[in-house]
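A closer look at the structure
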Amino acid sequence: MSSRVTASSPHMHLGHGTSQVMQLVLLATVPGFTALFFCFGWGVLFNLLWVPACAVACEAVVLKLRRRPPLATLCDCSALLTGVLLAAALPPTAPWWLGLLGSGLAIVLAKQLYGGLGFNPFNPAMVGYAALLLAFPVEMTRWLLPRDVGDALPDFVTALGLFLGQETLTPIDAYTGATALTLFREELGGQTVAEFWQSSPVLGHWSGTGWEWVNGGFLLGGLFLLYRRVIGWQIPVTLLGALALLATLFHDGGSSASHGPPLLHLFGGASMFGAFFIATDPVTAATSARGRLVYGALIGSVIFCLRAFSSYPDGVAFAVLLGNFAVPFIDRCTQPRVRGQQK
Amino acid sequence: MSLPTSPRARMHGGITPPGNKQQSLRHPIRRLPLPPQLIVPVEQRGEPLPELLVSVGDRVEQGQCLARGRGERAVSSHAPAAGVVTDIGTQPLPDDQAGGLTCVTIATAPSTASTRCLPPLDPARCGSEILLQRLRDAGITGLGGAGFPTHTKVLAAIGRVETLIVNATECEPFITADAALLQERVDDVLRGASLLLQITGASRCLIGIQDDEPAAIASLQAALADARFQLCVLPARYPHGAEALLVHVLTGKEVLMGRPAIDYGVLCHNPATLHAVARAVLHGEPLISRVMTLTGAALRDPGNYDVLIGTPVATALQACGLDEWQHSRSLAGGPLLGVELQQATVPLTKTSNCILATTEAELPRPPPPQPCIRCGLCADVCPVRLLPQQLHWFSRSGELDKAAAHHLEDCIDCGACAYVCPSAIPLVQQFRLAKTRLAEQRIRQQQADLARERFEAHQARVANQQRLDEQRRHERAALLQRKQAEAAARAQAVNTVTPASTPSPQDVIAAALARVQARKAAKLAAAPTALPPEGEAPP
Ligand code: SF4
Ligand code: SF4
């Protein structure tokens, strides 16, 4: 036996690496993306291929500039995951430059400028999304009408045209329309919820047609992550709980002043996606279990308030960023009691 | 047969790594063949050098006393086997990286002479002093962790504890030495516990054991007849064996980190020590061997062995069929708390409970660390409820005061945090370093404080002296003025009474006296300047 540098104890490791965690999260997005693809067609696929590629490329370039070994860092899959999450949030009509810009903002501005993985206070995918939303509100809210509503989904060529930014060739207005959340905010117009539900084809069983499938898909993936203990229950449960509670309080018995039934909120927009995939990002969430309860509830409440009282139809991105902002305060107030110290 | 009691509290967090205990429990306790050479440590850390009773070239018998400790806490050391002393000098030991301790090296020779024992004692007719002296003479130190001399620990506990805790929770993977001892020699362990109950005056004995060692539990249950003894079975979870945590789990008393359990009325010992106590008192056997686990995938014949103290690690591993090809490294202790051995020539000591000769496949080295992703898993498992993640940031950036405010010094180095960390950050290593730095900083701070206090006291004394001097000077000046005025007045009176006549002899004498007095006063008034300069006032 030769003498060599000794490692400190412990000499045993659970063996779940950061990259495995990221890979499990990637795997868990499969049902959500399947539903998105089914409901909104080819555009989803273009986003899914293009945006992560941009994110990884941006990461590689920045690492090169920062003189870090790119390969070791890229292997942690975090840039890939950021890209995939951003792809899930972009509308299926997004042209290529939107995805490129978004992932550039996410990786360079929100992540690497702060020092890379683990040092970023804000969720990179949501920074990218929110910046795009502020800069390009038209492009960013141009959602397609889901399958079975309106005429038809754009075929492959049309979708490719949209992706390549050839809008003159593809009259986009034929395909797009308001989402259920937007409708509820803008067009209730004196009807009760029940009447309104009857009149609009955009509304499905519980929530927006198609959207309920997408949310169901992300819920399924989220349950998988819970089962594999990749994420804790605290954030999703309190986030959805706060959202449902506020929605119930403001449901107002379904009158014309209603902000929509709770199920519309739980299964509408990016609720499930945000609750299981965005707010649970460990880097930008609160640390302790108690802190995560507060953090989840805060984001859930803000989502509802933004949906009900702001001019944005969905508020997940802004709510998460606000939650990120509050993390240092939450962490300070919820620091656990050390064993043996006085209560 | 007694029914187990249930624990009084739950340990926070903890981990459940794979136990890997079967490998070493397939055979009963065996003896290793007599090693050709024994390196017996005779010095204790932090104690004065022992009084050596042998010199190089002497022939020794098994059990013969080699050295007697000089300090209050020092114990004797004995020859584990007969042979000839070939060397006395400092040797490296497995559990310490910096320097070694004085060891007596013996070239063993088979001997027909019987073991030299001390006379057996009858505890019913011995006072605690005699029993404690016996523990000392038989060289009994804690066989679990730090190797603290048993007689000192027991002495401190006399009259102060009501509970003796037997720490049979071998919570670390791979280690089964205590379990094997409890399966085969449970009676001696319980006798040792009874002896300590007798000496300390404690009223009950709680035996803590984990549910992953059913054979040991069964053996204990069968042997327990005394109502003072209670068995408490804990769910298998690391690190239940840490003393402060075990006391909390078994008694519900939350022990402050760093405070001895004795302050909470509890004395903790592990089964191996109790076994040695019983052998020393009832059979007069000095501590010359101990049961330890030699295991790991690199050994063809892993198991629990009764090993002579001082057996070189390499000899012991070879006797168990070490596979040199597969072997990647050896750990003294388990995989979570153990120390990687630098050289295989080091001897096994009284505190060696396990040598893990492992392979790369069994215990792969950790992957290179990645940045912390703030997942919080480390805080979930920390049994002390620290925030390892925050401690990691603080120790990385050198903010030691913040780390201290987050109770870095309460960390017990258990490694649960590093075990689960997905980024494979060497947290324990960082914490150890930060703790060392913090300790250094504290010492420096103390020294600085002391120096400052001394300086301030000195300044105050000097100022006081100055004030006093000043006051005295004023007083003297005033006195002088008064005297001069008086003298002048008297002189004037003499002149006015006989202005024309020649002065009478009395007047001449009076005038001379006044002059002398005036001179004296003037000298006195000038005196303070002749005092030593202030700076040289005695400190
Ligand atoms: S090594 Fe220290 S910080 Fe880590 S789990 Fe153990 S006690 Fe907690
Ligand atoms: S387990 Fe590791 S990666 Fe997770 S918070 Fe703790 S130190 Fe950071």
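A few points on the structure. (Residues numbered from 1 in each chain as written. Chains lettered and ligands numbered in written order. Predicted model: local features only at pLDDT ≥ 70, side-chain atom pairs only at ≥ 80, totals over all residues. Heavy atoms only, no water.)

1. Some remarks on the site of ligand 2
Around ligand 2, the neighbouring residues are Cys372, Ile373, Arg374, Cys375, Gly376, Cys378, Gln389, Cys421, Pro422, Ser423 and Ile425 of chain B. Across the shell around ligand 2, the residue classes break down as seven nonpolar, three polar and one charged. (Near = heavy atom within 4 Å. Nonpolar A, V, L, I, M, F, W, Y, C, P; charged D, E, K, R; others polar.)

2. Some words on helix α9 (residues 156–163) of chain A
Residues that lie three or four places apart on an α-helix share one face, since the helix turns once every 3.6 residues. Residue and element names in this part refer to chain A. Buried within α9 we find Thr158, Ala159, Gly161, Leu162 and Phe163. Considering only its buried residues, α9 is in contact with α3 (42–65) and α6 (96–111). In the segment just after α9, Gly165 is the residue with positive phi, at about 85°. (Buried < 20%, exposed > 50% of the residue type's maximum accessible area, 1.4 Å probe, protein only. Helix = DSSP H or I, 4+ residues; strand = E, 2+ residues; numbered from the N terminus. Contact = heavy atoms within 4.5 Å.)

3. Overview of helix α11 (residues 388–397) of chain B
Residues and elements named next belong to chain B. In terms of burial, α11 is largely enclosed, as seven of its ten residues are buried. Inspection of α11 places Pro388, Gln389, Gln390, Leu391, His392, Phe394 and Ser395 among the buried residues, and these make up the whole buried set. Once α11 ends, the next one or two residues include Gly398, with phi positive near 75°.

4. Observations regarding the packing of helix α5 (residues 78–89) of chain A against helix α15 (residues 271–278) of chain A
Residues and elements named next belong to chain A. Contact pair α5 / α15: the axes reach a minimum separation of 11 Å and the direction vectors enclose 170°. In this view, α5 runs roughly antiparallel relative to α15, as classed from their interaxial angle. Here α5 contributes Leu85, Ala88 and Ala89 to the contact with α15, which in turn contributes Phe273, Phe277 and Ile278. Here the residues of the contact of α5 with α15 sort into six nonpolar, no polar and no charged. (Axes fitted to C-alpha atoms, helices over the stretch in contact; angles between N-to-C directions. Parallel < 35°, antiparallel > 145°, perpendicular 65-115°, else oblique.)

5. As for the interface of chain A and chain B
Often, the extent of an interface is quoted as the loss of accessible area upon association of its parts. Opposite the 37 residues of chain A that make contact, chain B presents 59 residues. For the pair chain A and chain B, the summed buried surface comes to about 4,100 Å²; carbon and sulfur atoms form 53% of the total. Our enumeration of links across chain A and chain B arrives at one salt bridge. Linking Arg374 of chain B and Asp331 of chain A is a salt bridge whose minimum nitrogen-to-oxygen distance equals 3.8 Å. At the junction of chain A with chain B, the criterion picks out 13 residue pairs in polar contact (both at pLDDT 80 or more). Of all the secondary structure elements, the ones that give two or more residues to the side of chain A that touches chain B are α1 (18–28) and α17 (316–333) of chain A. (Buried area = accessible area lost by both parts, 1.4 Å probe. Salt bridge = Lys/Arg side-chain N within 4 Å of Asp/Glu carboxyl O. Polar contact = N/O pair within 3.5 Å; in protein donor to acceptor, adjacent residues only side chain to side chain.)

6. Describing the pairing of strand β13 (residues 289–295) of chain B
Residues and elements named next belong to chain B. For β13, a buried count of six out of seven residues is recorded, marking the element as mostly surrounded by other parts of the structure. In this sheet, strand β14 (residues 303–308) lies alongside β13 in antiparallel orientation, the contact comprising six bridges. Bridge pairing links Met292 to Tyr305 in β14. Pairing of β13 with strand β17 (residues 354–359), which is carried by three bridges, proceeds in the parallel orientation. Bridge pairing in β17 links Thr293 to Cys354. (Pairing = 2+ DSSP bridges.)

7. Remarks on the site of ligand 1
Close contacts around ligand 1 come from 13 residues, with Cys382, Cys411, Cys414, Gly415 and Cys417 of chain B the closest. Looking at the shell around ligand 1, its residues break down into eleven nonpolar, one polar and one charged.

8. Here's the deal with the packing of aromatic side chains
All names here are of chain A. Applying the stated criterion across every chain, the model contains 17 aromatic pairs over all chains. Here the aromatic rings of Phe37 and Trp42 are separated by 5.4 Å at their centres, their planes lie at 75°, and the arrangement is edge-to-face. For Phe37, a relative accessible area of 31% translates into the label partly exposed. When its relative accessible area of 32% is taken as the criterion, Trp42 is described as partly exposed. Summarising the aromatic geometry, the rings of Phe250 and Phe309 are spaced 5.8 Å apart at their centres and angled 75° between planes, so their arrangement reads as edge-to-face. (Phe/Tyr/Trp six-rings, centres within 6.5 Å; stacked < 30°, edge-to-face > 60°.)

9. Let's talk about the nonpolar core
Core analysis: the largest hydrophobic core is formed by 74 residues, its most contacted members being Leu36, Phe40, Phe218, Phe273, Phe277, Tyr295 and Ile299 of chain A. Two domains each donate at least three residues to this core, and these are domain 1 (16–177) and domain 2 (179–329) of chain A. Apart from the residues lying within four places of it in its own chain, the contact partners of Ile299 of chain A are Leu239, Ala279, Ala319, Val320 and Gly323 of chain A. Listed in part, the 48 residues of the second largest apolar core include Cys126, Leu131, Ala202 and Ala276 of chain B. (Core = buried A, V, L, I, M, F, W, Y, C linked by side-chain atoms within 4.5 Å. Domains from an automatic or database assignment.)

Limitation: the analysis is restricted to geometry and does not speak to function.
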